[in-house]
Structure formats: structure tokens, C-alpha cells
Amino acid sequence: MSSTYNAPDAKGLFGPFGGRYVAETLMPLILDLDKEYTAAKNDPTFLEELAYFQKDYVGRPSPLYFAERLTEYCGGAQIYLKREELNHTGAHKINNCIGQILLAKRMGKTRIIAETGAGMHGVASATVAARFGLPCVVYMGSTDIERQQANVFRMKLLGAEVIPVQSGTGTLKDAMNEALRDWVTNVADTFYLIGTVAGPHPYPAMVRDFQSVIGKETKQQMLEKQGRLPDSVVACVGGGSNAMGIFHPFINDKDVQLIGVEAGGHGVNTDKHAASLTGGKPGVLHGNRTYLLQNSDGQIIDAHSISAGLDYPGIGPEHSWLHEIKRAEYVSINDDEAMEAFQTCCRLEGIIPALESAHALAEVIKRAPILPKDHLMVVNLSGRGDKDMQTVMSYIKEHQL
Amino acid sequence: MSRIKNCFAKLKQQNQTALVTFLTAGDPDYQTSLSLLQQLPSAGADIVELGMPFTDPMADGPTIQKASLRALANGQNLAKTLEMVTAFRQQNQTTPIVLMGYFNPIHHYGVERFSKDAANAGVDGLIIVDLPAEHDADLCTPAQAVGIDFIRLTTPTTDDKRLPQALNNSSGFVYYVSVAGITGAGSATEEQITEAMSRLHRHTALPICVGFGIKTPEQATAIAKLADGVVVGSALVSQIEQAASKEQAVDAVLKLCNELSTAVKQLKK
């Protein structure tokens, strides 16, 4: 790795990953978006407006909380939780949605579309669309609609139209295909609000930039509390937006270990997981080259995770690059381990985490006990678990816990 | 001269428009699909586009999505698609075959290996939906190096400013997607297509084929007046979807192909 990290390049490439693998219909639009985003991020008025909404609408900065009881329980590293679940709408997703809706407004777009897995990005998109008075259509897999009914209801309350997607396994991948089909059909007036650090350039870089507020705050808060940077930063990875958000400001701080936690489902050696880096290969899907779950013919395999939000067969291209240059370490946590960490966090800290975040917590609970007591570890608590009650109830009943 | 060049040169001499037909390889199964492929030229297809099935065809409508899934469920893969072209070439040395699809299965197969195997099988051209000109190095350059044409899609959103870039390195013919949308959706007006044709002709000397939303012989005649080729896909594929048996599927596809061909060929330009 060169001394200063500066990816992606002008073509949107992070090493060999990323790019713009889309139908020609979308190319002029994506080039236009790139131009507009470049102008916006250098425009003080845009940045001022973004800062205003982050503070007064989203509720930033989110606290960096010392998890004293969890630290005591693990008996090793000092564990801090970056409380993204305290944001408006209950997850980190709103950071990106606020940024993109301001961009959509700046570009004169009059219709918002989005895809969603667990529904948190759908809720955040519906929220900002309501706030700015734009109609919003959210594509959601029919399986996810079934397991995330509360979020579907929230989106509808916020005025969004939720369109069920039946194809494939009816999860996030299929919702993204359908959103791309809508976008290809309605290019003139529609802004596609992508929810993670994936898709064609500039989305991976743009979503990362909007989410980087998490890492910037963490850095400053840790310096205030401990006078130094953390030793390790842990975050769950589906598409990977909360992880990129907290990792990115630390990439040039080589002593800070970055750990991404993928969804291992029933185990990465089974056919039921969502660990693209641990169990996948590089390929091209949804506008970018990245690690993907695929079979021996290059067909995309459906992902599985107990957490709807991690159930995606790909990963943001920048994670693929950080994995290859070994700047971040990627591990996987199974459904059962995540569920145990979920309950531990509830009981010890009085915080109900999202099942996505519970994957990161499970890795922390594995690592912290064998680390020295002066090791400072931050885990990104990307969202709250209210949306997951149905899944958790069925799991507890099924396992007679 | 390549088969594609030959085909357009011959049609030009006869003042005729090309009928380009699309079917998904392996839909509904390998044998039926091969049999269809072998009979399409005598039913009037000048160029055959063969879809390489993919699990996530982002720019296709429900008809072609379902065709991909039918083919995949029956074991179709890239190697079998190339096998199908090889089998076709044993009987037919003149009809151009263009493979159409998405990049990932080729990426996985290996670009060099694919280009070589496709050329050996007798593939004449490639249309890869998710490889815009910006990604020429990924497949366009290696494919052209072994003599396979790389056919670009242009759309109503590809304006004059972008056209030179979008058409850079294109060969064979230019595929004009007449509506911004997915396959099998609405169709453009004659006026819109006339305007697009004159715009495209200012930027390229290649033949221009128009596709998306053309379903009936009447629509095909209307487009044939304006373009060098008419592409019909979803309408043919839906004959397979609706048929009660494989035999009926073959009959229905060939019948529609015949009707489309008659409609296109009745026109002398």
C-alpha cells in the first residue's frame, strides 16, 4: 500500500475493483451524477446544508459510549460502541440518504427510487423523500417484506410506495435488479438512492463519503476520551456502508486495525451464508467488479443470513480492495453466534442492537478477552434491533431459549 | 469478409433490411433450443442473437428474465452455449451468430479462453449489456483481436456528445435500443426513430439495427423502412413461454419468425 490512500481513481476503480458496469442507457446519467457530486462536495453551500441536516435532523454527532459492563464481561480490551442506532430512523443509513437527497434536489430530480433489504435504507429513503416532498418508490424482496413487516409499515406511513419483488429469493439482490430496471426506464426524472457502498461509480465513493462522518467523529471522540486513536475498529459488512463509514478516516492510520465482519449464516463451508470475501470470488454485478458469491458457471448464488440487512451476495468494491491489499481483515460470524451476542448486548448494556450489528459484537466478544486491558476497541453499532423482533422471537422459540 | 459484413452487403444489394431474431440459449432446454436455432435461418432470420443466460439480467424485462431461469434450471451454461454454436456451424456457415448477455459468466469463464473458444465455435459478434465503452479493455479488445465483432448498444440517452465515445471500437453493426427501458417494454414512435437514425448515421458508417418493443409484423415493417435491421426478442421468447409443449414452442417461434420475415422482406428500399 502506498503511504497515502487515495482510491478510487477517476474511473471509479479501487485497484481492479469498482468501475461502471452498466447498460449504456445509464452511462450518461452516471457521468452526470459524478460531475454533480464532484461539484457538490467542493461547494461550501452544499456542505453547510449537509452539516445542518446531519446535526438538527439526524441528531449527530452520535455518542461514543464506553461499554463498561461488556468490557467487564469480556475481561480484556476496553470496548466502545459508536452509537449509530441513536440516529433518526434508527440506523446509519440516514447519513447517506440525507446527502443523496440534497444532491437529487440540486440536480432537479423529482422522483426517488431505492432498494432495501432489512428495510432500514428504505425507511431512511422514505424519510428524506417525505422531508423534501418527493415521491418515493422502494423495491423490496418479498421474503424481506415478510420478515420485516414493521419497516414496511413505517415506509408506507412515510408516504412511500413499497413494491414487492418476487424474483430470485426475494431479497436485496433481486430488489436491486428491479430498482435498476426502474431507473433504466425512468432516467429523465428519477434519482436512484443506492443504500450501500456498491453500484457503479460514483456510488461506492459517494456513499462512503456521506458515511465517513461516523469515522471522523469516532476519531475525534476517542482522542477526547483517551488522548489517542483506537487500536481496533470493528464493523459488520453486508454491502458494507457502515463499515466503510467508520473505516475510511482510519485507512492512513496504519496502527489502527480494521476488522470487517461478514455474515457466515450456517457456516462459510455450507451453501447458506453471505460472506462474499471469505467465500466468494471476484466478478461483475450491479455495476461494479467486486467479490461475489457465484457458482462454477459465474451465476450468482443467493446469499443467506439471519439478518436481512446482510443478505447480499456481493460487497462494496472498496472492501474487496482493502481485503486484497490487506489493509482490513475480514472474518465471518454465524447466525447462532450473532444471536448470542445480540442477547448478551441486550442483557449487559440495555441496548437492543440490530442483528447486523450483533455480528460485529460477536467478533468483539471473541477477540476482546484475549487482548490486553489497554487495547481500545470500537465497534460500530450500526442500527437498533426493533425491526428484528419477529426474527428474534422465532429464533428463540425454535431454539427453546 | 466477416459473416456479419457479408450479410449486410448481400442485403444492401437486394435493397432489403435484416431481420435479427433473439432467443435465449437453452430455453426451454438444450435440444429444443438447438433445433430452433438450426431452423431460424430458413424461417427468415438473417442474423441470430443468442442470449447467454444469467441469473441477474438487470436490463431485461420479465419475459427474457424467465427464459434465462428456464435455461439455467435445465443446466445451460456458457460452455453449452458455445457447444450449441459449434453444432449450428456444422450445418450453417453463413448466418451470423451474435451472443448477447452480461459480463459475469464470461469473466468467470476467463476472457482469453472465452474469446478463443467463441471464435473457434463460430461466434461472429458479442453484445454485452453491462460493458460500456469505458470497459473496452475487459472484453472488447480481446474479442476483436480474435476476429469477433463487438456490437455496441446506443440508446435515446446517448446524445451527440457521448456517441463518439459510445461507438469507439464498435464493429459489426450498431444496436439502437429505441426506448430507454427494459426489453419487451414500450416502443418508440417512427418520428423518434427517424431522428435517431439520422443522428447515428452522422457518427457511424456501420449498419444500424433497431430493437426493443418490436412485437408484431406491422411494427417490424414500420421499423424496416428506417433501419438496416430489425431486432425482435421478447415476442419470440414469449412464444416459448406460452406454448403447451416443446413441439408447439418450436412451431410458434418459427411461424412468428416467418411472419416477421415476410413483413420485413416485402419492403424494397
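Residues numbered from 1 in each chain as written. Chains lettered and ligands numbered in written order. Predicted model: local features only at pLDDT ≥ 70, side-chain atom pairs only at ≥ 80, totals over all residues. Heavy atoms only, no water.

S.K.: Mind laying out the overall build of chain A, listing which residues take part and the relevant values?
M.R.: Across its full length, chain A holds 16 helices and 14 strands. The C-alpha radius of gyration computed for chain A amounts to 19 Å, which stays within 12% of the reference 21 Å derived for 401 residues, consistent with globular compactness. Once the C-alpha set of chain A is aligned to its principal axes, its extents read approximately 55 × 45 × 45 Å. Here the analysis covers contacts within chain A between residues at least 6 apart in sequence; of these, 74% occur between residues at least 24 apart. (Helix = DSSP H or I, 4+ residues; strand = E, 2+ residues; numbered from the N terminus. Rg over C-alpha atoms; globule rule 2.2 N^0.38 Å. Contact = heavy atoms within 4.5 Å.)

S.K.: Which residues make up the overall build of chain B, and what values do they have?
M.R.: A count of helical and extended segments in chain B gives 12 helices and nine strands. In terms of overall size, chain B behaves like a compact globule, its C-alpha atoms giving a radius of gyration of 17 Å where 269 residues would be expected to give roughly 18 Å. By its C-alpha atoms, chain B is 45 × 40 × 35 Å across when sized along the principal axes. Looking at the 269 residues of chain B, the share that counts as buried comes to 64%. Across chain B, the fraction of contacts at a sequence separation of at least 24, relative to all contacts at a separation of at least 6, is 74%. Here chain B has roughly 10000 Å² of accessible surface; of this, 50% comes from carbon and sulfur atoms. Here chain B carries 22 positive and 26 negative side-chain charges, and the mean point of each set is 5 Å from the other. (Buried < 20%, exposed > 50% of the residue type's maximum accessible area, 1.4 Å probe, protein only. Areas by Shrake-Rupley, 256 points an atom, 1.4 Å probe, with all protein chains shown as cover. Lys, Arg positive; Asp, Glu negative; His and termini not counted. Charge placed at Lys NZ, Arg CZ, Asp CG, Glu CD.)

S.K.: Outline the interface of chain A and chain B, listing residues and values.
M.R.: Between chain A and chain B, the residue contacts involve 33 residues of the former and 33 residues of the latter. Between chain A and chain B, roughly 2800 Å² of surface is buried when both sides are summed, and carbon and sulfur atoms account for 53% of that area. Across the chain A-chain B interface, the total number found is two salt bridges. Here B:Asp56 and A:Lys173 are joined by a salt bridge, their closest N and O atoms 3.0 Å apart. At the junction of chain A with chain B, the criterion picks out 21 residue pairs in polar contact (both at pLDDT 80 or more). (Buried area = accessible area lost by both parts, 1.4 Å probe. Salt bridge = Lys/Arg side-chain N within 4 Å of Asp/Glu carboxyl O. Polar contact = N/O pair within 3.5 Å; in protein donor to acceptor, adjacent residues only side chain to side chain.)

S.K.: Please set out the packing of aromatic side chains residue by residue, giving values where relevant.
M.R.: Residues and elements named next belong to chain A. On inspection of all chains with the given rule, the structure shows 14 aromatic pairs over all chains. With centroids separated by 5.5 Å and ring planes inclined at 70°, the aromatic side chains of Trp183 and Tyr192 adopt a geometry described as edge-to-face. Of the two residues examined, Trp183 and Tyr192, each falls in the buried class. Judged by centre distance (6.3 Å) and plane angle (55°), the ring pair of Tyr192 and Tyr203 falls under tilted. With Tyr192 in strand 8 (residues 190-192) and Tyr203 in helix 9 (residues 203-211), this pair connects stretches of sequence that are 11 residues apart. (Phe/Tyr/Trp six-rings, centres within 6.5 Å; stacked < 30°, edge-to-face > 60°.)

S.K.: Summarise the packing of helix 5 (residues 120-131) of chain A against helix 7 (residues 149-157) of chain A; cite the residues concerned and give the values.
M.R.: All names here are of chain A. Two numbers describe how helix 5 lies on helix 7: the axes approach to 9 Å, and their chain directions differ by 10°. Here helix 5 lies roughly parallel to helix 7, going by the angle between them. Together, Met120, Gly122, Val123 and Ala126 of helix 5 and Asn151, Arg154 and Met155 of helix 7 make up the contact between the two elements. For the contact of helix 5 with helix 7, a count of residues per class yields four nonpolar, two polar and one charged. (Axes fitted to C-alpha atoms, helices over the stretch in contact; angles between N-to-C directions. Parallel < 35°, antiparallel > 145°, perpendicular 65-115°, else oblique. Nonpolar A, V, L, I, M, F, W, Y, C, P; charged D, E, K, R; others polar.)

S.K.: Outline the UniProt feature "modified residue: N6-(pyridoxal phosphate)lysine" (unreviewed entry) in chain A, supporting the account with residue identities and numerical values.
M.R.: Residues and elements named next belong to chain A. UniProt tags Lys93 as "modified residue: N6-(pyridoxal phosphate)lysine" (unreviewed entry). Among the structural elements, Lys93 can be located in helix 4 (residues 93-106). Beyond its immediate chain neighbours, meaning those up to four positions away, Lys93 contacts Met120, His121, Ala124, Gly195, Thr196, Gln211 and Ser241. (UniProt positions renumbered as here; feature names shortened; annotations may be inferred.)

S.K.: Tell me about the confidence of the model for chain B, residues and numbers included.
M.R.: On average, chain B scores 96 in pLDDT, and the residues at 70 or more come to 100%. This complex was scored by the predictor with a pTM of 0.96 and an ipTM of 0.96. (pLDDT = per-residue confidence, 0-100.)

S.K.: Summarise the sheet that holds strand 9 (residues 229-232) of chain B; cite the residues concerned and give the values.
M.R.: All names here are of chain B. Read across the sheet, nine strands follow the order 5-4-3-2-1-9-8-7-6 without closing on themselves; strand pairing throughout is parallel. In the strand order of this sheet, the two ends are held by strand 5 (149-150) and strand 6 (153-154), each with one partner. Where strand 6 and strand 7 (residues 174-177) come together, two bridges link them in parallel fashion. In the strand pairing of strand 7, Leu153 is matched with Tyr175. (Pairing = 2+ DSSP bridges.)

S.K.: Can you break down the UniProt feature "domain: Tryptophan synthase beta chain-like PALP" (unreviewed entry) in chain A residue by residue, with the values?
M.R.: The positions that UniProt labels "domain: Tryptophan synthase beta chain-like PALP" (unreviewed entry) are, in the present scheme, residues 59-383 of chain A. For the annotated span residues 59-383 of chain A, helix accounts for 41% and strand for 21% of the residues, and the straight-line distance between the end C-alpha atoms is 14 Å.

S.K.: Can you break down the pairing of strand 3 (residues 97-101) of chain B residue by residue, with the values?
M.R.: All names here are of chain B. Across the five residues of strand 3, five count as buried, placing the element largely inside the fold. Side chains Ile97, Leu99 and Gly101 project from strand 3 onto one buried face, and the interleaved Val98 and Met100 project onto a second face that is buried too. In this sheet, strand 3 lies alongside strand 2 (residues 47-51) in parallel orientation, the contact comprising four bridges. Bridge pairing in strand 3 places Gly51 opposite Met100. Sheet topology note: the strand 3/strand 4 (residues 125-128) ladder contains four bridges and is parallel. In the strand pairing of strand 4, Val98 is matched with Gly125.

S.K.: For the packing of helix 2 (residues 30-39) of chain B against helix 12 (residues 246-265) of chain B, give the residues involved together with the corresponding values.
M.R.: For any two helices packed against each other, the geometry comes down to the angle between their axes and how far apart the axes lie. Residue and element names in this part refer to chain B. Where helix 2 meets helix 12, the closest approach of the two axes is 10 Å, and the angle between their N-to-C directions is 25°. Of the possible angle classes, the one that applies to helix 2 and helix 12 is roughly parallel. Where helix 2 crosses over helix 12, the two elements pack in a sense that is right-handed. Between helix 2, through Thr32, Leu36 and Gln39, and helix 12, the contact on the second element is made entirely by Lys246, Val250, Val253 and Leu254. (Left-handed = near helix turned anticlockwise from the far one by under 90°.)

S.K.: So, a nonpolar patch on the surface: which residues are in play, and what are the values?
M.R.: Residues and elements named next belong to chain A. A cluster of nonpolar side chains, namely Phe153, Leu157 and Leu158, defines an oily patch on the protein surface of about 320 Å² accessible area. Relative to the helices and strands, Phe153 resides in helix 7. Overall, Phe153 belongs to the exposed group, its relative accessible area being 55%. (Patch = residues over 30% accessible without salt bridge, like charges linked within 9 Å, V, L, I, M, F, W, Y side chains within 5 Å.)

S.K.: Talk me through the environment of A:Tyr73; I want residue IDs and the actual numbers.
M.R.: Within the secondary structure, A:Tyr73 is located in helix 3 (residues 68-74). Linking A:Tyr73 and A:Pro369, residues 296 residues apart in sequence, is a C-alpha distance of 8.5 Å.

S.K.: Outline the pattern of salt bridges, listing residues and values.
M.R.: Side-chain pairing between opposite charges can occur once the charged atoms of the two side chains come close. All names here are of chain A. Enumeration according to the criterion identifies 39 salt bridges over all chains in this entry. In this structure, Lys387 engages Asp388 in a salt bridge whose closest nitrogen and oxygen atoms are separated by 2.8 Å. Across this residue pair, the class does not change: Lys387 and Asp388 are buried.

S.K.: Which residues make up the UniProt feature "active site" (unreviewed entry) in chain B, and what values go with them?
M.R.: Residue and element names in this part refer to chain B. When the UniProt feature table is mapped to this numbering, "active site" (unreviewed entry) covers Glu49 and Asp60. Mapping Glu49 onto the fold places it in strand 2. Overall, the relative accessible area of 0% leaves Glu49 in the buried class. Discounting residues that sit within four places of it in the chain, Glu49 has contacts with Val20, Thr21, Phe22, Leu23, Val98, Met100, Ile127, Tyr175 and Val231. Among the secondary structure elements, Asp60 is positioned in the loop between strand 2 and helix 3 (62-73).

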